[in-house]
Each structure stands twice: as C-alpha cells, then as structure tokens.
Amino acid sequence: MSIPAGFLWVYADEVVAGPQTGESELVDFTDERGAFMARGFYTPGSSIPGRVLSTERVKIGIEFFTAAFRRAAAARAPYRDAYESYRAVYGESDGLSGLIIDSYNLTSGAAVLVIDIHTPGLAAHRSVILDAARAVFAPNHILVRTGGGLEGEKLEATRKWVGDEPSESSIREAGETYRVSFSDGHKSGFYLDQKIAKSALAPFAKDARVLDLYAYVGGLSVPAIRAGAASLMAVERSKPAVA
C-alpha cells in the first residue's frame, strides 16, 4: 500500500482481505504483518474501497471533523476576505477524501455552505459533519449533496437543504454579479475552484478572439471581456444554466 507515502486511497488490487458486509465501514488498515497503518472507510465492491482519514488511532466523530475543518479554515484565512465566496474544504488536500465544502457569501449578506459528500462512509457520518460545519463556518443556510460515487458504491444522488433555502442566490466575484443555481447547477452551483484560472486568463484574453466552450454562467467569459478580449463566443449545452 502507498499509505506510508501519504496517499489517501487504497485500490482494490491492494486489498488482501476486508469486511464483506456490503456496506461501508470504518476500519483500521494494516500492513502484511498486521501492523496498524491508518484508519478510514472501507467500501467493498468499489474500485477504490479504502479511504484514509487518519494515520493515527483517533475516534472519527464530531471532534475529528471539527478539528479538520478548523485546519482547513486556517489554511484559507489569508484570502478569505479577498474572496467573498471560496472553496472551504478541498477533499484530499485537507485529509478528507470524498468531501468538498464550498462557502458562498450572497449579495444579501447571507452565508451558504454547500457540502458535497462523495463516499458512502462519509454519508453515514452526515450528522456529525453537519454539526462540525455549523460550529466552524457558522452558515445561515446549508445544502447537502450526495452522489458522484464510484462504480460499485451504494450512494444515492440527493440534494437537500438543512432548514430553509436562501431567498436569493446571487454572489459577487471580481466586481461582477453571478446567479448561483444551488439546487440544479453544476458542481456546488458555481466553479469556486477555478478562481486562479480566471485570474490567469487576463493577459491572454486582451485583444484576442476568445471561444469559451461549456461556459456555464460566464465565470470565464466575463473576466475575458473585462480583460479586453476583441470578441468572445460563449457556448453552453445546459439550458438551465443559460435560462
């Protein structure tokens, strides 16, 4: 296994034996001698059955997720004020394989947290993830989305608000206003993970003829126009995105 090198996935061909209940379970991963290596979720039948959460014998509960979210929040603190909306938790980058959290600051001032759960093991811990997210990020509204699991994983695709929905869904980014479709949009509603790409586009867009394929709501098209593109054609196949 590549766990000692810091890899958080355990592939099916690396597994010698594991629980065969058919459900995702919290397990300890061991080497061929039986020595402890890590703790995480094991999902039989998946092409990536093992998802490492910790290389220590820690309890996976509210304290674990709260501490992980606090570390993620601290890592993003330097640019949190510059970006009104941002990706708060980056899955494997924050040691939380299969978990993405986006934080939106709406033009109304309300804070929306979109929690994307992509593994059955995390889905089973939904309640403690919610409690930890509330404690660390203090949002006004929370949308929990599940799905996107690998073949062989029993993970129903759902999108459910915890409490009430926000009355409006507009955000500001780089001086422009965009409408976010939380319930049926791409990703968590907006491509918050593409901020660097949008900034990097500017020097290439000036005086250029720009073609933006799969433009969604214009997250790259608008910065290109602002950067001085000579012309721009935006193409999007999703009717709800351009409605």
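Scoring rules and cut-offs
Residues numbered from 1 in each chain as written. Predicted model: local features only at pLDDT ≥ 70, side-chain atom pairs only at ≥ 80, totals over all residues. Heavy atoms only, no water. Helix = DSSP H or I, 4+ residues; strand = E, 2+ residues; numbered from the N terminus. Buried < 20%, exposed > 50% of the residue type's maximum accessible area, 1.4 Å probe, protein only. Contact = heavy atoms within 4.5 Å. Areas by Shrake-Rupley, 256 points an atom, 1.4 Å probe, with all protein chains shown as cover. Patch = residues over 30% accessible without salt bridge, like charges linked within 9 Å, V, L, I, M, F, W, Y side chains within 5 Å. Salt bridge = Lys/Arg side-chain N within 4 Å of Asp/Glu carboxyl O. 1 Å grid on protein atoms, 1.4 Å probe; cavity = no way out; pocket = protein on both sides within 12 Å on 5 of 7 lines; lining within 4 Å. Points joined across faces, edges and corners; volume = space filled by probe spheres on them. Nonpolar A, V, L, I, M, F, W, Y, C, P; charged D, E, K, R; others polar. Pairing = 2+ DSSP bridges. Polar contact = N/O pair within 3.5 Å; in protein donor to acceptor, adjacent residues only side chain to side chain. Axes fitted to C-alpha atoms, helices over the stretch in contact; angles between N-to-C directions. Parallel < 35°, antiparallel > 145°, perpendicular 65-115°, else oblique. Left-handed = near helix turned anticlockwise from the far one by under 90°.

Peer 1: Summarise the overall build of the chain; cite the residues concerned and give the values.
Peer 2: Each helix and strand counted, the chain has 6 helices and 13 strands in total. By principal-axis analysis of the C-alpha atoms, the chain measures approximately 65 × 35 × 35 Å. In the chain, buried positions account for 44% of the 243 residues. In the chain, the proportion of contacts linking residues at least 24 apart, taken out of those at least 6 apart, comes to 48%. Looking at the chain as shown, the accessible area adds up to about 12700 Å², and 52% of this sits on carbon and sulfur atoms.

Peer 1: I'd like a rundown of a nonpolar patch on the surface, residues and numbers included.
Peer 2: Side chains of Leu211, Leu213, Tyr214, Met233 and Val235 sit close together on the surface and give an oily, nonpolar patch of about 550 Å² of accessible area. If you list the elements that add at least two residues to the nonpolar patch, you get β12 (209-213) and β13 (231-235). Tracing the backbone shows valine 235 in strand β13. Judged by its relative accessible area of 35%, valine 235 falls in the partly exposed class.

Peer 1: Now, about the layout of surface pockets: what can you tell me, with residues and values included?
Peer 2: Empty space within the largest pocket amounts to approximately 300 Å³. As for the largest pocket, its lining consists of 17 residues, of which Glu173, Ala174, Lys198, Ser199 and Pro223 are closest to the centre. For the lining of the largest pocket, the secondary structure elements donating two or more residues are β10 (170-173), β11 (176-179), α4 (195-205) and α5 (221-226). Here the lining of the largest pocket gets 4 residues from one element, more than from any other, and that element is α4. Here the residues of the lining of the largest pocket sort into 8 nonpolar, 2 polar and 7 charged.

Peer 1: With reference to specific residues and values, describe the sheet that holds strand β1 (residues 9-10).
Peer 2: Two modes of strand pairing occur in sheets, parallel and antiparallel, and in both the strands are linked by backbone hydrogen bonds. The sheet built from 4 strands is open, its strands ordered β1-β4-β3-β2 with antiparallel pairing. Of all the strands in the sheet, just β1 and β2 (25-30) have a single pairing partner and so form its edges. In the sheet, strand β3 (residues 36-42) pairs with strand β4 (residues 50-54) via 4 bridges, with the strands oriented antiparallel. Paired with tyrosine 42 across the two strands is glycine 50, which belongs to β4.

Peer 1: Which residues make up the side chain of aspartate 31, and what values go with them?
Peer 2: Within the secondary structure, aspartate 31 is located in the loop between β2 and β3. Residue aspartate 31 is classed as buried on the basis of its relative accessible area, which comes to 17%. Within the local environment of aspartate 31, its side chain forms a polar contact with the backbone nitrogen of arginine 33, the two atoms lying 2.9 Å apart.

Peer 1: So what's going on with the packing of helix α1 (residues 62-80) against helix α3 (residues 126-137)? Residues and values would help.
Peer 2: Remark: α1 packs on α3, axes separated minimally by 8 Å, with the N-to-C direction vectors making an angle of 40 degrees. Between α1 and α3, the crossing angle belongs to the class labelled oblique. Here the hand of the crossing between α1 and α3 comes out right-handed. Here α1 contributes Ile62, Phe65, Thr66, Phe69, Arg70 and Ala73 to the contact with α3, which in turn contributes Val128, Ile129, Asp131, Ala132, Ala133, Val136 and Phe137. Partitioned by chemical class, the residues of the contact of α1 with α3 number 10 nonpolar, 1 polar and 2 charged.

Peer 1: Give a detailed account of the pattern of salt bridges, specifying residues and quantitative values.
Peer 2: For the structure on display, the rule yields 14 salt bridges. With a shortest N-O distance of 2.6 Å, aspartate 28 and arginine 39 are connected by a salt bridge. Of this pair, aspartate 28 sits in strand β2 while arginine 39 is found in strand β3, placing the two residues 11 residues apart along the sequence. A relative accessible area of 17% means that arginine 39 is categorised as buried. A salt bridge links aspartate 102 to arginine 87; the nearest nitrogen and oxygen atoms lie 2.7 Å apart. Residue aspartate 102 is located in strand β6 (residues 99-105), and its partner arginine 87 is located in strand β5 (residues 86-90); the two are separated by 15 residues in the primary sequence. Among the charged side chains, a salt-bridge network with shared partners connects Arg87, Asp102, Lys187 and Asp193.

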